[in-house]
Number of protein chains: 2
Amino acid sequence: MRIALDAMGSDDAPSSEVAGAVAAVEADSGLHVMLVGDEKALAGPLGGFPCRDRIAVVHAPERIVPSDAPASVLRRRPRSSISVGLGLQAAGEADAFVSAGSTGAVMAASLLLLRPLRGVDRPALATLFPTDGGLTLVADIGANIDCKPHQLVQFARLGAVYMQDLQGMRAPRVGLLNVGTEAEKGTEVLQAAYRLLAGSDLNFVGNIEGRDILKHACDVLVCDGFTGNILLKFYESVAAFMIRKLAPGLEGIGQREEVDDLLRDLDYAEYGGAPLLGVNGVTVICHGRSSPRAISAGIGVAVRAVRSGLVEHMARDLFDPGASGA
Amino acid sequence: MRIALDAMGSDDAPSSEVAGAVAAVEADSGLHVMLVGDEKALAGPLGGFPCRDRIAVVHAPERIVPSDAPASVLRRRPRSSISVGLGLQAAGEADAFVSAGSTGAVMAASLLLLRPLRGVDRPALATLFPTDGGLTLVADIGANIDCKPHQLVQFARLGAVYMQDLQGMRAPRVGLLNVGTEAEKGTEVLQAAYRLLAGSDLNFVGNIEGRDILKHACDVLVCDGFTGNILLKFYESVAAFMIRKLAPGLEGIGQREEVDDLLRDLDYAEYGGAPLLGVNGVTVICHGRSSPRAISAGIGVAVRAVRSGLVEHMARDLFDPGASGA
């Protein structure tokens, strides 16, 4: 198992990436990580760690700057860590690519180098929300601002296979994020998506309202990338807000542990970033503020996706709906 | 000051409404409340309270049933509490209408009986979000699923006047809910709305991401009713979810008080329901689960709206933008 890791992506690059890669190979004896980045910048952080026989450095000296349009990165920055790292996967030298770099650039380059699966118009970015009864995969969280009804159905299908393969579910419950439970609620796009989902072989449980998300009302929550992005970022900010509100009363040791548990439960870092679903390969996008633990978790997601045969299952399910079902 | 209160709207009707009306008149010696509902159902709950010289009952025997389309309520249920109560305001016998009944029915009947203000395409439903630095008015939260750019600008204008009049702000900061801060982010509708807002006399502070809402990044947050509704319902559910997560460690007295304070801070009941902005009159819609305190707070919002001259200020600002500014 060989994972190409963008070593230059996170706010703390490359130290978060180096420490995350080391933790990942220490935890998994079958894992090799290719750290893709500036070899000079990597030498220092990497020098202090053992396990280096399963961590290789692949030189990628070019920097992406904020003014680079995401879609132009492959062409304009061919020696950037994103272009080189994804190139390793496209060439079969790596099984997956993990990056905490520009989401837009990683998505655009993944689409160009890995290509979408047959039957997928636009890949979706997905992430796991911690809820009261378990994890809910939300797709899309920002790759597609506007969506057509059949694209929402594709997200549902991709998400269901993901939850089968990576969370071991038999028939993931698919919900459609909407402003009411009735079939005729929401925009015309959502009304049409509802009809398509209700007529599909998916385990569709209907519309899910904002108040029901945290009740674990479904395993795969489908929405356009605009709504999903607003919701994700809002959720990420809520825990910190509430802890600040509660802080004055939480000074004893007992409470402090509970708060730490809660924060960990709500921490995206536990869940390993956002897989890009629907490309012919494995791309996992981590948060820009990723800690070493978040990078290591992102690598873990990529490893499980490869070992489970996620991409083959998705390809088969899109070609022959229901074939990947339990 | 005469407020018409729908006595049949909430899940606990009419007892929440009766108790809320009594609390409101006890707190405000200039206030008269007309309890609009079934006089037989009201006699019992009302019998036990003093202050009845300033609480009148207006008989409205007809019940709205779930199969009534919201837009048909006025025509099909002319003797319902919503039709009668809004009729009192339309006839000048009440200064405002407050209801915890069907949001759709109250909105539709308000539009028909009160009419939109000149310059308003579609009224917006708004509500206050508690944030880290104060309250943010979010508009729309569900009246308009699809919005055009100039309608979003109308929401901004209506919301800014509301925050001036009811929260005493001089130049409320207006933000546009979006997936990034740059002007070219989001849908074409949002890009066009951004340009219109940036070119207006409003105190526009740009796009606001989901993660910045609770940082009090703006005073008026503009969005379509689909996104606003999802966000509001999600936010309402978050506090309960986090308290459940924290519960095991919050058994001591000290922490319990902090939690109670937090829950009160996050409780919609504190903020008095959702004003319908842009009609030629005052309609305040309370949560279906309203407690007496929530009903009383809703009446308080209606009273402040009438006393401040909110509707006249909105009409003037829409006719002559900037006229209501400080």
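Keep in mind it's a predicted model, so treat the numbers as computed, not measured.

Side note on the overall build of chain A
Helix and strand counts for chain A come out as 11 helices and 11 strands. Per-residue burial for chain A yields a buried fraction of 57% across its 326 residues. Sequence separation of at least 24 residues holds for 69% of the intrachain contacts in chain A that already meet a minimum separation of 6. Summed over all atoms, the accessible surface of chain A reaches about 12400 Å², with 50% contributed by carbon and sulfur.

Considerations on the sheet that holds strand β2 (residues 32-37) of chain B
Residues and elements named next belong to chain B. On the basis of which strands lie adjacent, the open sheet formed by 11 strands has the order β3-β2-β1-β4-β11-β10-β5-β6-β9-β7-β8 and mixed pairing. With one partner strand each, in any of the chains shown, β3 (55-59) and β8 (203-208) form the two edges of the open sheet. Neighbouring strand axes in the sheet, compared pairwise and without regard to direction, differ in orientation by 25 degrees on average. Across 3 bridges, the pairing between strand β7 (residues 173-177) and strand β9 (residues 220-222) is parallel. Each residue of the ladder has a partner; that of Leu176, found in β9, is Val222. Across the sheet, helix α4 (residues 81-90) is in contact with β1 (2-6), β2, β3, β4 (96-99) and β11 (283-285); its angle to β4 comes to roughly 160 degrees.

Details of the pairing of strand β7 (residues 173-177) of chain A
Residues and elements named next belong to chain A. Most of β7 sits out of view: 4 of its 5 residues are buried. Here β7 runs beside strand β8 (residues 203-208); their pairing, made up of 5 bridges, is parallel. When the sheet's bridge partners are listed, Arg173 is paired in β8 with Asn203. In this fold, β7 hands off to helix α7 (residues 188-198), which returns the chain to β8; that crossover is right-handed.

Some details on the sheet that holds β7 of chain A
Residues and elements named next belong to chain A. Taken together, 11 strands build an open sheet; the order of strands is β3-β2-β1-β4-β11-β10-β5-β6-β9-β7-β8 and the sheet is mixed. Two strands close off the open sheet at either side, each with one partner strand: β3 (55-59) and β8. Geometrically, the sheet is characterised by an average inter-axis angle of 30 degrees between neighbouring strands, direction not taken into account. Inspection of the sheet shows strand β2 (residues 32-37) paired to β3 by 5 bridges, in the parallel sense. Looking at the pairing, Gly37 lines up with His59 of β3. The strands touched by helix α1 (residues 15-27) within the sheet are β1 (2-6), β2 and β3, with β2 carrying the most contacts at an inclination of about 170 degrees. Where helix α6 (residues 149-167) meets the sheet, it contacts β5 (124-131), β6 (134-139), β7, β9 (220-222) and β10 (274-277), and its direction lies at approximately 165 degrees from that of β9.

Notes on unusual backbone geometry
Trans peptide bonds make up the majority, and among non-glycine residues the majority have a negative phi. Residues and elements named next belong to chain B. Here the residue pair Ala13 and Pro14 is connected by a cis peptide bond, since its omega of -5 degrees sits within 30 degrees of zero. Topologically, Pro14 is positioned in the loop between β1 and α1 (15-27). Looking along the chain, the bond that leaves Ala139 and enters Asp140 is cis, with omega of 10 degrees. For Asp140, the location among the structural elements is in the loop between β6 (135-139) and α6 (149-167). For Arg115, which is not glycine, the phi torsion reads 70 degrees and is therefore positive. Among the structural elements, Arg115 can be located in the loop between α5 (103-114) and β5 (124-130). With a relative accessible area of 48%, Arg115 lands in the partly exposed category. The backbone of His216 shows a phi angle near 60 degrees, a positive value even though the residue is not glycine. Structurally, His216 is set in the loop between β8 and β9.

Re the environment of Cys147 of chain B
Residue and element names in this part refer to chain B. Here Cys147 is to be found in the loop between β6 and α6. What makes Cys147 buried here is its relative accessible area of 12%. Spatially, the C-alpha atom of Cys147 lies 21 Å from that of Pro321, the residues being 174 residues apart in sequence. Setting aside residues up to four positions removed in sequence, Cys147 forms contacts with Leu152, Phe155, Val189, Asp224 and Gly225.

Observations regarding the packing of α6 of chain A against helix α11 (residues 310-319) of chain A
Residue and element names in this part refer to chain A. Viewed as axis vectors pointing N to C, α6 and α11 meet at an angle of 140 degrees, and their least axial separation amounts to 10 Å. Between α6 and α11, the interaxial angle falls into the category oblique. The crossing of α6 and α11 is right-handed. Packed against α6, whose contacting residues are Arg157, Leu158, Val161, Tyr162, Asp165 and Leu166, the element α11 presents Leu310, His313, Met314, Asp317 and Leu318 at the interface.

Side note on the packing of α6 of chain A against helix α10 (residues 292-308) of chain A
All names here are of chain A. Their axes nearest at 9 Å, the elements α6 and α10 cross at an angle of 95 degrees. Comparing their axes, α10 and α6 come out roughly perpendicular. For the pair formed by α6 and α10, the contact residues are Tyr162, Asp165, Leu166 and Gln167 on the first element and Val301, Arg304, Ala305 and Ser308 on the second. Among the residues making up the contact of α6 with α10, the classes are represented as 4 nonpolar, 2 polar and 2 charged.

Concerning the packing of aromatic side chains
Residues and elements named next belong to chain A. All chains considered together, the criterion is met by 7 aromatic pairs over all chains. Ring plane angle 80 degrees and centroid distance 5.1 Å describe the contact between Tyr194 and Phe204, whose orientation is recorded as edge-to-face. Residue Tyr194 is located in helix α7, and its partner Phe204 is located in strand β8; the two are separated by 10 residues in the primary sequence. Pair check on accessibility: Tyr194 and Phe204 agree, each one buried.

Topic: the environment of Asp53 of chain A
Along the polypeptide, Asp53 of chain A turns up in the loop between α2 (39-47) and β3. Along the primary structure Asp53 of chain A and Val33 of chain A are separated by 20 residues, whereas in three dimensions their C-alpha atoms are 9.8 Å apart.

Rules of the game
What you see as residue numbers is a count from 1 along each chain, following the sequence as written. Going through the entries in the order they are written, you letter the chains from A and number the ligands from 1. Two thresholds apply to this predicted model, a pLDDT of at least 70 for residue-level local features and 80 or more for giving and counting side-chain atom pairs, whereas whole-chain, interface and lining totals are computed over all residues. Heavy atoms from the whole structure form the basis of all side-chain values; hydrogens and water molecules are not counted. In this description a helix means any DSSP run of H or I spanning at least four residues, a strand means any run of E spanning at least two, and both kinds are numbered starting from the N terminus. Note on classification: 1.4 Å probe, protein chains only; a residue is buried when its accessible area is under 20% of the maximum for its type, exposed when over 50%, partly exposed between these limits. Here, two residues are considered to be in contact whenever any of their heavy atoms come within 4.5 Å of each other. Under the convention used here, a 1.4 Å probe and the Shrake-Rupley method define accessible areas, while residue burial counts only the protein chains that appear. Here, any two strands with at least 2 DSSP bridges between them count as paired. Helix axes are fitted to C-alpha atoms over the stretch in contact, other axes to C-alpha atoms as well, and angles between N-to-C directions run from 0 to 180 degrees. When the strands point away from the viewer and the path from the first strand over the helix to the second turns clockwise, the crossover is right-handed. Geometric relationships in this document are graded by angle, where less than 35 degrees denotes roughly parallel, more than 145 denotes roughly antiparallel, 65 to 115 denotes roughly perpendicular, and other angles denote oblique. What makes a crossing left-handed is the near helix being turned counterclockwise from the far one by less than a right angle; a clockwise turn instead makes it right-handed. Three classes are used: nonpolar for Ala, Val, Leu, Ile, Met, Phe, Trp, Tyr, Cys and Pro, charged for Asp, Glu, Lys and Arg, and polar for all others, with Gly counted as polar. Aromatic pairing here means that ring centres of Phe, Tyr or Trp (its six-membered ring) are within 6.5 Å. Orientation follows from the plane angle: under 30 degrees is stacked, over 60 is edge-to-face, and everything else is tilted.

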